[in-house]
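Structural characterization, general
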Amino acid sequence: MRTYLVTGGAGFIGSNYIHYMFRKYDTDIRIINVDALTYAGNLENLKDIEDRENYTFIKADICDKDAIAGIFAENDIDRVVHFAAESHVDRSIKDPEVFVRTNVLGTAVMLNCAKAAWELPDGSFRADKKFLHVSTDEVYGSLEEDGGYFYETTPYAPRSPYSASKAGSDMLVKAYMDTYKFPANITNCSNNYGPYQFPEKLIPLIINNALQGKKLPVYGDGRNVRDWLYVEDHAKAIDMVQEKGRLFETYNVGGHNEKQNIEIIHIILDTLREMLPDSDPRKALVNEDLITYVEDRKGHDRRYAIAPDKIRAEIGWEPETMFKEGIRRTIQWFFEHEDWMRNVTSGDYQKYYEDMYRNR
Ligand code: NAD
Ligand code: TYD
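Residues numbered from 1 in each chain as written. Chains lettered and ligands numbered in written order. Predicted model: local features only at pLDDT ≥ 70, side-chain atom pairs only at ≥ 80, totals over all residues. Heavy atoms only, no water.

1. Things to note about the site of ligand 2
In the vicinity of ligand 2 there are 18 residues, among which E138, R226, R297, H300 and Y357 approach most closely. Between ligand 2 and the protein, one listed contact pairs an oxygen atom with a side-chain N or O atom of N191 at 2.9 Å. At 2.5 Å from an oxygen atom of ligand 2 is found a side-chain nitrogen or oxygen belonging to R297. Relative to its unbound accessible area of 510 Å², ligand 2 is 98% covered by the protein chains. Broken down by element, the residue count for the shell around ligand 2 peaks at three residues, all from strand β8 (residues 216-219). (Near = heavy atom within 4 Å. Polar contact = N/O pair within 3.5 Å; in protein donor to acceptor, adjacent residues only side chain to side chain. Areas by Shrake-Rupley, 256 points an atom, 1.4 Å probe, with all protein chains shown as cover. Helix = DSSP H or I, 4+ residues; strand = E, 2+ residues; numbered from the N terminus.)

2. Some words on the nonpolar core
Membership of the largest hydrophobic core comes to 73 residues, with the highest contact counts inside it found for Y17, I18, I31 and I203. With eight residues, helix α1 (residues 12-25) is the largest single contributor of residues to this core. Non-local contacts of I31, meaning those with residues more than four positions away in its chain, are made with Y4, V6, I18, M21, F22, N54, Y55 and T56. Of all hydrophobic cores here, the second largest spans 25 residues; its members include I71, C113, M177 and A184. (Core = buried A, V, L, I, M, F, W, Y, C linked by side-chain atoms within 4.5 Å. Buried < 20%, exposed > 50% of the residue type's maximum accessible area, 1.4 Å probe, protein only. Contact = heavy atoms within 4.5 Å.)

3. Considering the pairing of β8
Burial along β8 is two-sided: the residues L216 and V218 and P217 and Y219 are all buried. Sheet topology places β8 next to strand β13 (residues 291-294); four bridges connect them, and they run parallel. Residue pairing for β13: Y219 is matched across the bridge by V294. (Pairing = 2+ DSSP bridges.)

Here it is as structure tokens:
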């Protein structure tokens, strides 16, 4: 039975990935989830699988090398899937240091511990061990409105502290592959959306605010473009890259689903109105008048867009969930998990929201 070490599995994409893997492989795999449970990590995301015999949660910081080395010493890890990171651009603009610590140092610790556990005396690596580093398309920088796509060969040009720290982590993985022939892959994915996404990111924030009749903050002119991918399609891509990808390769993962932020907001409002029954008092609150243009994000990247040609040709991966369907599923999930939203938006979130949006 293969053992996966997943880092950051209590966050948005990590928890969706763990659900996906248990749905697909059930009892044929074992998953150890290591997460420090920062503001973004939430064990409620994993409630329905936490009692599985083939699942273990360990609360640890990926920068803590003794803790991570201990996990490798006590378990014969076959696969690492490394999600753990600070992931929100706005927070990185306010407080870059923790991004460097977690994303760069934390990745160095993960690489070093995996290398130590997997390396043979002659410098080669034990058979069938693999490390997958989950990264972002933001490392490639910002595209012009009509300026083509990001490819795996596009030079890195990160522009925010978040993307710079992710670029640093990617470079470390590349250095391990080049220097030691360390068995790894990197995936650079576009913006994800779906269940369990923390409402500091655009889509869950707009859904949550609209349902409460709160202002919908649009940065700048609202015409920045992101390429949105349903999170389950990302989980599937990660699994397929580990199963079928060529070692040492990078694969871009994206949806060919570019939308301006303002379009996204209109789609969410229309979908909420379609889905809410007339008897629901929240329906009257969902309104275009809530849209509020606010001060732009500093250094706001204009456009991200992935051409997923390589992953399609080599691995046969394609996005399956069309945006219309994905956004309905996401909204339905939020309807069915009101307690989840209430819990994550109580306490610290209120302070975060105040600080981030007060002067905008
Ligand atoms: P998230 O912020 O929702 O989750 C991050 C998780 O990492 C949380 O559970 C948190 O507790 C954990 N974590 C943070 N610091 C840690 C530390 N020092 N030690 C251990 N655990 C720690 O992030 P996400 O949106 O799920 O993103 C996951 C990964 O995917 C990140 O590496 C991110 O860069 C990448 N990614 C995200 C997107 C996106 O649209 N969200 C797109 C492409 C790539
Ligand atoms: P976000 O979800 O933070 O993802 P990223 O910055 O990693 O792409 O933001 C998506 C887009 O939405 C980005 O162009 C910034 C914009 N945005 C707003 O206009 N208002 C908001 O309140 C937020 C959170 C984001």
